[in-house]
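Close look at the chain arrangement
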Amino acid sequence: AARLQQMSELQQERLAAETTEERAARLQQMNELQQERLAAETTEERVARLQRMSELQQERLAAETTEERVARLQRMSERQRERLAAETTDERAARLQHDQESHRGAQSDLPLFEQPAVRARMCKFHAHLAALESPRCTTCSEAFPGLQLRLQSTECLRCSRDKHTPKLYSIANNMDPGLVPPQLQ
């Protein structure tokens, strides 16, 4: 541990003593090495790296205080204003053209339900619906997600409050529509 501390101190001294040109050369070399490393990584390594980065970012954002969040968002806003103020007319035109093309690309010629992004959301929605549980009332045969059954009973709240004999929405009162016909499924 002492050796690591000593190495860290030496590194800090070396960085503090370097000139602007030396710093630029060091950062350029580090950038080139990073580009080589990224170019050589496999798809699996890239996915794992991006996943780790995403998890670290989420942890950082979850741990930040309200003041830190406000400061971060203000810095981002200021950098964006500076970038926009510094861009030339040609750069602005290119940025707007790119934004317009990327927006147009999102609106494909395919019908909405056939677009890959929409299909993915639809599949996710259907999977979520399939995972929902629908309790069934034994009296009225009503079943839907969120149906509240009485504690220690298999009747819904409406049927448990019904004091008529036979109960209003029961099979005995011919109010049970039965199964949904295949034509309506």
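Bear in mind the structure is a predicted one, so any value in this text is a computation, not a measurement.

Let us look at the overall build of the chain. Regarding its fold elements, the chain presents seven helices and zero strands. Along the chain, helices (α) and strands (β) appear in the sequence α-α-α-α-α-α-α when read from the amino end. Across the 185 residues of the chain, 9% fall into the buried class. For the chain, the share of sequence-separated contacts (at least 6 apart) that also reach a separation of at least 24 residues comes to 10%.

The next thing to look at is the pattern of salt bridges. Opposite charge on two side chains lets them pair, provided their charged atoms get close. Across all of its chains, the model carries seven salt bridges by this definition. A salt bridge links glutamate 78 to arginine 81; the nearest nitrogen and oxygen atoms lie 2.9 Å apart. With a gap of three residues between them, glutamate 78 and arginine 81 both fall in helix α4 (residues 66-86), about one helical turn apart. A salt bridge links glutamate 87 to arginine 95, with the nearest nitrogen and oxygen atoms 2.7 Å apart. When its relative accessible area of 28% is taken as the criterion, arginine 95 is described as partly exposed.

Counted under the stated rule, the structure contains zero disulfides. The closest cysteine sulfur to the non-disulfide-bonded cysteine 140 is located on cysteine 137, 3.6 Å from its own sulfur. Classification of cysteine 140 by relative accessible area gives buried; the value is 7%. Free of any disulfide, cysteine 159 has its nearest cysteine sulfur in cysteine 156, 3.6 Å distant. Given a relative accessible area of 3%, cysteine 159 falls into the buried group.

We now examine helix α1 (residues 2-17). For an α-helix the count is 3.6 residues per turn, leaving residues at separations of three or four pointing the same way. For α1, built from 16 residues, the straight-helix expectation of 22 Å at 1.5 Å per residue is met to within 8% by its first-to-last C-alpha distance of 23 Å. Here α1 lies mainly on the outside; zero of its 16 residues are buried.

Attention now moves to the confidence of the model for the chain. Per-chain confidence: the chain averages 87 in pLDDT, with 97% of residues scoring 70 or above. Per-element mean pLDDT across the chain ranges from 82 in helix α5 (residues 89-106) up to 95 in α4.

The next point concerns a nonpolar patch on the surface. On the surface, a nonpolar cluster with roughly 270 Å² of combined accessible area is contributed by Phe125, Leu129 and Leu132. Locating phenylalanine 125 in the fold gives a position in helix α6 (residues 116-131). Taking the relative accessible area as the measure of exposure, phenylalanine 125 reaches 47% and is therefore partly exposed.

Look at the link from threonine 165 to proline 166: it is a cis peptide, with omega at -5°. In this structure, serine 141 takes a positive phi of about 60° despite not being glycine. One can find serine 141 in the loop between α6 and α7 (157-161). Since its relative accessible area comes to 24%, serine 141 is described here as partly exposed.

Tracing the backbone shows glutamate 18 in the loop between α1 and α2 (20-40). Every residue in contact with glutamate 18, bar those within four places of it in the chain, is listed here: Arg23 and Arg26.

Looking at where leucine 147 falls in the secondary structure, it is placed in the loop between α6 and α7. Residues leucine 147 and serine 134, spaced 13 residues apart in sequence, show a C-alpha to C-alpha distance of 7.0 Å. Once residues lying within four places of it in the same chain are set aside, the contact partners of leucine 147 are Pro135, Cys137, Glu142 and Cys156.

The rules we used
- Residues numbered from 1 in each chain as written.
- Predicted model: local features only at pLDDT ≥ 70, side-chain atom pairs only at ≥ 80, totals over all residues.
- Heavy atoms only, no water.
- Helix = DSSP H or I, 4+ residues; strand = E, 2+ residues; numbered from the N terminus.
- Buried < 20%, exposed > 50% of the residue type's maximum accessible area, 1.4 Å probe, protein only.
- Contact = heavy atoms within 4.5 Å.
- Salt bridge = Lys/Arg side-chain N within 4 Å of Asp/Glu carboxyl O.
- Disulfide = S-S within 2.5 Å.
- Expected span 1.5 Å × (residues − 1).
- pLDDT = per-residue confidence, 0-100.
- Patch = residues over 30% accessible without salt bridge, like charges linked within 9 Å, V, L, I, M, F, W, Y side chains within 5 Å.
- Areas by Shrake-Rupley, 256 points an atom, 1.4 Å probe, with all protein chains shown as cover.

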